[in-house]
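Observations on chain architecture
Here are the chains, one letter per residue:
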Amino acid sequence: MTTTRWPWIWMYHSVDDYSEDPYRVTVTPERFARQMAWLAARRLRGVGVAELLEARRHGPARDLVGLTFDDGYRDFLHRAVPVLRRHGFTATVYVLSGRLGGTNAWDVPGPVKRLMTADEVRATAAEGMEVASHGVAHVSLPAGDADGLRDEVGRSRAELADLVGGPVTGFAYPYGHVGHREIDAVRSAGYAHAAAIAPHERAGRHALPRTFVGDRDGGMRLRAKDVRRQVRVPDGEATFV
(Lines give C-alpha, C1' and ligand atoms only; values in the text may rest on other atoms or scores of the structure.)
Protein backbone atom coordinates (compact mmCIF):
# COMPACT_ATOMS: atom_id res chain seq x y z
CA MET A 1 0.00 0.00 0.00
CA THR A 2 1.32 3.50 -0.83
CA THR A 3 0.17 7.03 -0.17
CA THR A 4 1.38 10.42 -1.32
CA ARG A 5 -0.21 12.34 1.53
CA TRP A 6 2.42 13.74 3.84
CA PRO A 7 2.38 12.31 7.34
CA TRP A 8 2.05 15.13 9.85
CA ILE A 9 5.39 15.41 11.64
CA TRP A 10 6.03 18.23 14.10
CA MET A 11 9.52 19.65 14.55
CA TYR A 12 10.68 20.92 17.93
CA HIS A 13 14.08 21.71 19.36
CA SER A 14 14.05 22.87 22.99
CA VAL A 15 11.36 22.92 25.69
CA ASP A 16 12.43 25.37 28.37
CA ASP A 17 11.89 28.81 29.86
CA TYR A 18 13.70 31.62 28.07
CA SER A 19 14.20 35.37 27.95
CA GLU A 20 15.69 35.59 24.46
CA ASP A 21 15.54 33.19 21.56
CA PRO A 22 16.66 34.72 18.23
CA TYR A 23 16.33 31.46 16.32
CA ARG A 24 12.91 30.58 17.80
CA VAL A 25 14.06 27.10 18.80
CA THR A 26 12.49 27.18 22.27
CA VAL A 27 8.95 26.42 23.40
CA THR A 28 8.05 27.10 27.02
CA PRO A 29 6.98 24.09 29.11
CA GLU A 30 3.53 25.67 29.54
CA ARG A 31 3.01 26.13 25.81
CA PHE A 32 4.32 22.63 25.09
CA ALA A 33 1.89 21.14 27.60
CA ARG A 34 -0.98 22.97 25.92
CA GLN A 35 0.11 21.78 22.48
CA MET A 36 0.19 18.16 23.65
CA ALA A 37 -3.21 18.61 25.30
CA TRP A 38 -4.49 20.03 21.97
CA LEU A 39 -3.48 16.80 20.26
CA ALA A 40 -5.02 14.62 22.95
CA ALA A 41 -8.29 16.57 22.89
CA ARG A 42 -8.59 15.75 19.20
CA ARG A 43 -7.90 12.08 19.84
CA LEU A 44 -4.54 12.36 18.12
CA ARG A 45 -1.53 10.54 19.53
CA GLY A 46 2.02 11.75 19.28
CA VAL A 47 4.54 9.07 18.28
CA GLY A 48 8.11 8.72 17.09
CA VAL A 49 8.82 8.62 13.38
CA ALA A 50 9.60 4.89 13.24
CA GLU A 51 6.26 4.06 14.85
CA LEU A 52 4.43 6.49 12.58
CA LEU A 53 5.87 5.01 9.38
CA GLU A 54 5.29 1.45 10.56
CA ALA A 55 1.63 2.28 11.26
CA ARG A 56 1.28 3.78 7.78
CA ARG A 57 2.38 0.50 6.24
CA HIS A 58 -0.97 -0.87 7.40
CA GLY A 59 -3.26 2.11 6.77
CA PRO A 60 -3.48 5.90 6.76
CA ALA A 61 -2.84 6.22 10.53
CA ARG A 62 -4.77 9.50 10.61
CA ASP A 63 -4.85 9.49 14.40
CA LEU A 64 -1.04 9.65 14.67
CA VAL A 65 1.21 12.71 14.59
CA GLY A 66 4.98 12.39 14.49
CA LEU A 67 6.82 14.32 17.21
CA THR A 68 10.48 15.14 16.64
CA PHE A 69 13.09 17.04 18.64
CA ASP A 70 16.33 18.13 17.00
CA ASP A 71 19.77 18.45 18.65
CA GLY A 72 19.23 16.33 21.77
CA TYR A 73 18.87 19.01 24.44
CA ARG A 74 18.81 18.03 28.12
CA ASP A 75 15.42 19.68 28.47
CA PHE A 76 13.90 17.02 26.21
CA LEU A 77 14.40 14.40 28.92
CA HIS A 78 13.62 16.64 31.87
CA ARG A 79 10.87 18.90 30.46
CA ALA A 80 9.29 17.20 27.44
CA VAL A 81 9.34 13.50 28.33
CA PRO A 82 7.19 13.84 31.49
CA VAL A 83 4.49 15.60 29.45
CA LEU A 84 4.70 13.02 26.68
CA ARG A 85 4.38 10.13 29.14
CA ARG A 86 1.38 11.80 30.82
CA HIS A 87 -0.49 11.54 27.51
CA GLY A 88 0.88 8.15 26.47
CA PHE A 89 2.89 9.78 23.68
CA THR A 90 6.36 9.02 22.38
CA ALA A 91 8.74 11.00 20.17
CA THR A 92 11.96 10.85 18.18
CA VAL A 93 14.95 12.81 19.47
CA TYR A 94 17.84 13.47 17.07
CA VAL A 95 21.14 13.33 18.93
CA LEU A 96 24.64 14.51 17.96
CA SER A 97 27.01 11.66 18.79
CA GLY A 98 30.08 13.88 18.93
CA ARG A 99 28.64 16.58 21.22
CA LEU A 100 27.22 14.57 24.12
CA GLY A 101 27.23 16.70 27.25
CA GLY A 102 28.19 19.78 25.26
CA THR A 103 26.30 22.88 24.19
CA ASN A 104 24.67 24.31 21.07
CA ALA A 105 27.84 26.07 19.92
CA TRP A 106 26.40 26.42 16.40
CA ASP A 107 23.61 28.76 17.61
CA VAL A 108 25.59 31.97 18.03
CA PRO A 109 24.27 34.43 19.03
CA GLY A 110 21.66 32.81 21.17
CA PRO A 111 21.11 31.28 24.60
CA VAL A 112 23.51 28.50 25.56
CA LYS A 113 21.69 25.20 25.91
CA ARG A 114 23.07 21.98 27.32
CA LEU A 115 22.95 18.77 25.31
CA MET A 116 22.19 15.38 26.85
CA THR A 117 25.02 13.34 28.30
CA ALA A 118 25.51 9.69 27.36
CA ASP A 119 23.65 8.61 30.51
CA GLU A 120 20.76 10.93 29.66
CA VAL A 121 20.53 9.55 26.14
CA ARG A 122 20.32 6.05 27.59
CA ALA A 123 17.66 7.23 30.04
CA THR A 124 15.70 8.74 27.15
CA ALA A 125 15.75 5.41 25.31
CA ALA A 126 14.67 3.63 28.49
CA GLU A 127 11.64 5.96 28.64
CA GLY A 128 10.49 4.51 25.32
CA MET A 129 11.60 7.40 23.12
CA GLU A 130 13.24 6.79 19.74
CA VAL A 131 16.87 7.91 19.74
CA ALA A 132 17.97 8.84 16.24
CA SER A 133 20.98 10.56 14.68
CA HIS A 134 21.57 14.22 13.87
CA GLY A 135 25.10 13.52 12.72
CA VAL A 136 28.32 13.85 14.70
CA ALA A 137 28.89 17.59 15.06
CA HIS A 138 25.91 19.54 13.62
CA VAL A 139 27.43 20.58 10.30
CA SER A 140 25.74 21.40 7.01
CA LEU A 141 26.15 18.18 5.05
CA PRO A 142 26.01 19.67 1.51
CA ALA A 143 28.96 21.92 2.41
CA GLY A 144 31.30 19.00 3.11
CA ASP A 145 33.12 16.48 0.98
CA ALA A 146 32.13 12.87 0.40
CA ASP A 147 34.34 11.47 3.16
CA GLY A 148 32.98 13.92 5.70
CA LEU A 149 29.43 13.09 4.68
CA ARG A 150 30.00 9.36 5.13
CA ASP A 151 31.56 9.98 8.52
CA GLU A 152 28.73 12.19 9.75
CA VAL A 153 25.99 9.73 8.80
CA GLY A 154 27.82 6.44 9.34
CA ARG A 155 29.88 7.08 12.48
CA SER A 156 27.03 8.79 14.29
CA ARG A 157 24.74 5.84 13.66
CA ALA A 158 27.31 3.35 14.94
CA GLU A 159 28.17 5.41 18.03
CA LEU A 160 24.56 5.96 19.02
CA ALA A 161 23.65 2.31 18.45
CA ASP A 162 26.49 1.32 20.75
CA LEU A 163 25.32 3.87 23.31
CA VAL A 164 21.69 2.75 23.48
CA GLY A 165 22.38 -0.91 22.85
CA GLY A 166 20.06 -1.20 19.86
CA PRO A 167 19.54 -0.15 16.25
CA VAL A 168 19.40 3.51 15.26
CA THR A 169 17.18 3.75 12.22
CA GLY A 170 16.42 7.48 11.93
CA PHE A 171 18.35 10.58 10.86
CA ALA A 172 17.65 14.32 10.66
CA TYR A 173 19.62 16.61 8.33
CA PRO A 174 21.27 19.45 10.31
CA TYR A 175 19.73 22.83 9.44
CA GLY A 176 17.41 20.91 7.09
CA HIS A 177 20.13 21.15 4.43
CA VAL A 178 19.68 18.21 2.08
CA GLY A 179 20.24 17.34 -1.57
CA HIS A 180 20.30 14.20 -3.66
CA ARG A 181 23.80 13.27 -2.48
CA GLU A 182 22.82 13.49 1.17
CA ILE A 183 19.66 11.43 0.69
CA ASP A 184 21.65 8.72 -1.08
CA ALA A 185 24.32 8.71 1.65
CA VAL A 186 21.77 8.37 4.44
CA ARG A 187 20.01 5.53 2.67
CA SER A 188 23.32 3.79 1.95
CA ALA A 189 24.32 4.09 5.62
CA GLY A 190 21.34 1.90 6.51
CA TYR A 191 18.85 4.40 7.91
CA ALA A 192 15.20 3.49 7.45
CA HIS A 193 13.96 7.10 7.56
CA ALA A 194 15.30 10.63 7.60
CA ALA A 195 13.73 13.99 8.44
CA ALA A 196 14.14 17.12 6.37
CA ILE A 197 12.25 20.37 6.97
CA ALA A 198 10.91 21.83 3.74
CA PRO A 199 9.38 19.56 1.08
CA HIS A 200 12.03 18.14 -1.23
CA GLU A 201 11.57 16.96 -4.80
CA ARG A 202 12.50 13.51 -3.51
CA ALA A 203 10.19 13.72 -0.51
CA GLY A 204 9.79 10.26 0.96
CA ARG A 205 11.09 8.08 3.76
CA HIS A 206 14.55 9.62 3.48
CA ALA A 207 13.42 13.24 3.10
CA LEU A 208 10.35 13.60 5.30
CA PRO A 209 8.89 17.12 5.40
CA ARG A 210 8.13 18.47 8.86
CA THR A 211 6.02 21.23 10.35
CA PHE A 212 7.84 23.72 12.57
CA VAL A 213 5.99 24.17 15.86
CA GLY A 214 7.00 27.15 17.97
CA ASP A 215 6.08 29.05 21.08
CA ARG A 216 3.46 31.16 19.29
CA ASP A 217 1.52 28.16 18.03
CA GLY A 218 -1.82 27.78 19.73
CA GLY A 219 -4.83 25.88 18.46
CA MET A 220 -5.77 28.19 15.57
CA ARG A 221 -2.21 28.31 14.22
CA LEU A 222 -1.85 24.53 14.53
CA ARG A 223 -5.06 24.01 12.57
CA ALA A 224 -3.81 26.40 9.87
CA LYS A 225 -0.51 24.53 9.65
CA ASP A 226 -2.38 21.25 9.26
CA VAL A 227 -4.34 22.67 6.33
CA ARG A 228 -1.20 24.00 4.62
CA ARG A 229 0.66 20.72 4.78
CA GLN A 230 -2.25 18.74 3.31
CA VAL A 231 -1.11 18.95 -0.29
CA ARG A 232 0.35 16.47 -2.69
CA VAL A 233 4.08 15.83 -2.49
CA PRO A 234 6.26 16.83 -5.47
CA ASP A 235 6.64 14.39 -8.32
CA GLY A 236 9.36 11.85 -7.58
CA GLU A 237 9.93 9.66 -4.58
CA ALA A 238 6.47 10.09 -3.04
CA THR A 239 6.05 6.90 -1.04
CA PHE A 240 5.94 7.27 2.73
CA VAL A 241 5.18 3.70 3.75
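Every value quoted in this text rests on a predicted model; they were computed, and no experiment measured them. (Residues numbered from 1 in each chain as written. Predicted model: local features only at pLDDT ≥ 70, side-chain atom pairs only at ≥ 80, totals over all residues. Heavy atoms only, no water.)

**Some details on unusual backbone geometry**
Peptide bonds are trans in most cases, and residues, glycine excluded, mostly fall at negative phi. Along the chain, V108 connects to P109 via a cis peptide bond; the corresponding omega equals 0 degrees. Of note, P109 is situated in the loop between β6 (92–95) and α4 (118–126). For R43, which is not glycine, the phi torsion reads 60 degrees and is therefore positive. Locating R43 in the fold gives a position in the loop between α1 (29–41) and β4 (45–47). The class for R43 is exposed, based on a relative accessible area of 75%. Within the chain, H138 stands out as a residue other than glycine whose phi angle is a positive 60 degrees. Positionally, H138 belongs in the loop between β7 (130–133) and α5 (146–164). (Helix = DSSP H or I, 4+ residues; strand = E, 2+ residues; numbered from the N terminus. Buried < 20%, exposed > 50% of the residue type's maximum accessible area, 1.4 Å probe, protein only.)

**Some details on the pairing of β6**
Here β6 shows a buried face lined by T92 and Y94 and a second buried face lined by V93 and V95. Sheet topology note: the strand β5 (residues 64–71)/β6 ladder contains four bridges and is parallel. The residue of β6 that forms the bridge with D70 is Y94. Handedness of the crossover is the feature at issue here: the chain leaves β5, passes through helix α3 (residues 74–87), returns alongside β6, and the resulting connection is right-handed. With four bridges connecting them, β6 and β7 associate as parallel partners. Bridging from a neighbouring strand, T92 pairs with E130 of β7. After leaving β6, the chain enters α4 and then returns to the sheet as β7, a path that is right-handed. (Pairing = 2+ DSSP bridges. Right-handed = clockwise from strand over helix to strand, strands pointing away.)

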